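Architecture at a glance
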Amino acid sequence: MKRLQAMLTYCRPHGGEGEKKFVERFIKPYRPLAMLDDKGEVMAWCVRVGDAPVLWSGHVDTMHKPDAPAKQSIVYDEGCGMIYKDDKVMPLGADNGAGVWLLLEMMDAGVPGTYLFHRGEERGGIGSSGIAKHHEAFLKPFKYAIAFDRRGTGDVITEQMCGVCCSDEFALALAALLNTNVAMDYKPDNTGSFTDTANYIGIIPECTNVSVGYDNEHTPNETLDVWHLMQLRDAVVAVFKTGISLPVVRDPSIVVDRWGGFGSFGNTYDYPLCAAEVLDMPFKDLIKLVKKTHPEDIAELILSLAEEASVAEAVEANDSQYEEKDYAQYRY
């Protein structure tokens, strides 16, 4: 609990001082390798535990405004097991502080796999798209890419904006394993939007996103169900401590797109990630997008565009301040 609460006191906009301090305090002690793009920019930090063919995934950035202070105050209500904020200004950052905390707990418990702490997920998957582009050989040996970056308490995501990201057989088997903890009630869900594993569907067969207990993400009303997160930690450690063996059914060379041409964060589709891209879309294509997209995902897109409009100038100024030199010695 102490580490979880400490992690959530950091505001971590992409490239911000809070992100840098967060990584220094919580991730660098594990001596991660920094995965770099062709310009030497850090896309993600990587830690290997054993050789299980699974990529465990989370992201270090949050939707705090670029000019947010590095630290914030949070509230933990022990009576209901919820963490939240009462300033009504900024989000909590459990998206994806909860997922990062879970990955650290899994590493401490010796759960085998490769752990990726992505950068820039909230900016359109900057880190994961770069890894897919520059480190395909690194990704190919994995059978599974499992992110812990979904709202709620019961989803194993089978479809993201990229289309079908994992097979039903895999999702059902994963849910069944998690549900061996009687407190869990996971099941496949096809209403995913986006997390970093979406960028790997053309390379890794089974890619998904699992609920970790936060809700109302990206808003000042964001909350985290700590009791659920702790139970999820216990379930994951219990069932994967000795390795992972789940169905591998989906063919990553075949992309099944439920968005009618929109939505993939790979190289062949174009889902609008920023206001400029929305403005460039023909109006008939925008109508098509709205008709074919799940209401929750359209709401997320609208919210993201509103946030972008409010902070655009600050984002541009802040991006140039992040220093990568401390990690330049590490390369894949």
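Before any of the text, the structure's been laid out above.
Residues numbered from 1 in each chain as written. Predicted model: local features only at pLDDT ≥ 70, side-chain atom pairs only at ≥ 80, totals over all residues. Heavy atoms only, no water.

Considering the packing of helix α6 (residues 168-178) against helix α7 (residues 226-240)
Operational definition: All axes here are fitted lines through C-alpha atoms, helices being fitted over the stretch that makes contact, and every angle between N-to-C directions spans 0 to 180 degrees. The way it works is that DSSP assigns letters per residue, a run of H or I at least four long becomes a helix, a run of E at least two long becomes a strand, and they are numbered from the N terminus. Just so you know how the angles are binned, under 35 degrees is roughly parallel, over 145 roughly antiparallel, 65 to 115 roughly perpendicular, and the rest oblique. When checking whether two residues touch, look at their non-hydrogen atoms; a contact exists if any pair is within 4.5 Å. Residues are grouped as follows: Ala, Val, Leu, Ile, Met, Phe, Trp, Tyr, Cys and Pro are nonpolar; Asp, Glu, Lys and Arg are charged; every other residue, Gly included, is polar.
Closest axis-to-axis distance for the α6/α7 pair is 9 Å, and the angle between their directions is 110 degrees. One way to sum up the angle between α6 and α7 is to call them roughly perpendicular. Along the contact surface, α6 presents Leu174, Leu177 and Leu178, while α7 presents Leu232, Ala235, Val236, Val239 and Phe240. The residue makeup of the contact of α6 with α7, split by class, is eight nonpolar, no polar and no charged.

Focus: the packing of aromatic side chains
Applied cut-off: Stacked, tilted and edge-to-face pairs are distinguished by plane angle, under 30 degrees for stacked and over 60 for edge-to-face with tilted covering the rest, among Phe, Tyr and Trp rings (Trp via its six-membered ring) whose centres lie within 6.5 Å. Remark: exposure states derive from per-residue accessible area (1.4 Å probe, protein chains only) relative to the maximum for the residue type, with buried under 20%, exposed over 50%, and partly exposed in between.
The full count for this structure, using the stated rule, is eight aromatic pairs. Both rings, one in tyrosine 10 and one in phenylalanine 22, keep their centres 6.1 Å apart while their planes meet at 70 degrees; by these two values the pair is edge-to-face. On the criterion of sequence distance, the pair formed by tyrosine 10 in the loop between α1 (2-7) and α2 (17-27) and phenylalanine 22 in helix α2 is long-range, its members being twelve residues apart. Ring centres of tyrosine 10 and phenylalanine 26 lie 5.9 Å apart, and the angle between their planes is 90 degrees; this geometry places the pair in the edge-to-face category. With tyrosine 10 in the loop between α1 and α2 and phenylalanine 26 in helix α2, this pair connects stretches of sequence that are 16 residues apart. Here tyrosine 10 matches phenylalanine 26 in class, with each residue buried. In this structure an aromatic cluster arises from ring pairing among Trp56, Tyr115, Phe148 and Phe240.

Quick look at the sheet that holds strand β5 (residues 82-84)
The criterion, for reference: Paired strands, in this sense, are two strands between which DSSP finds at least two bridges.
The strand order β4-β5-β14-β13 describes an open sheet built from four strands, whose pairing is antiparallel. The open sheet has two edge strands with one neighbour each: β4 (75-77) and β13 (214-215). By the bridge criterion, three bridges tie β4 to β5 in an arrangement that is antiparallel. Bridge assignment links tyrosine 76 to a residue of β5, and that residue is isoleucine 83. Against the sheet, α7 touches β4, β5 and β14 (223-225), its axis set at about 45 degrees to β14.

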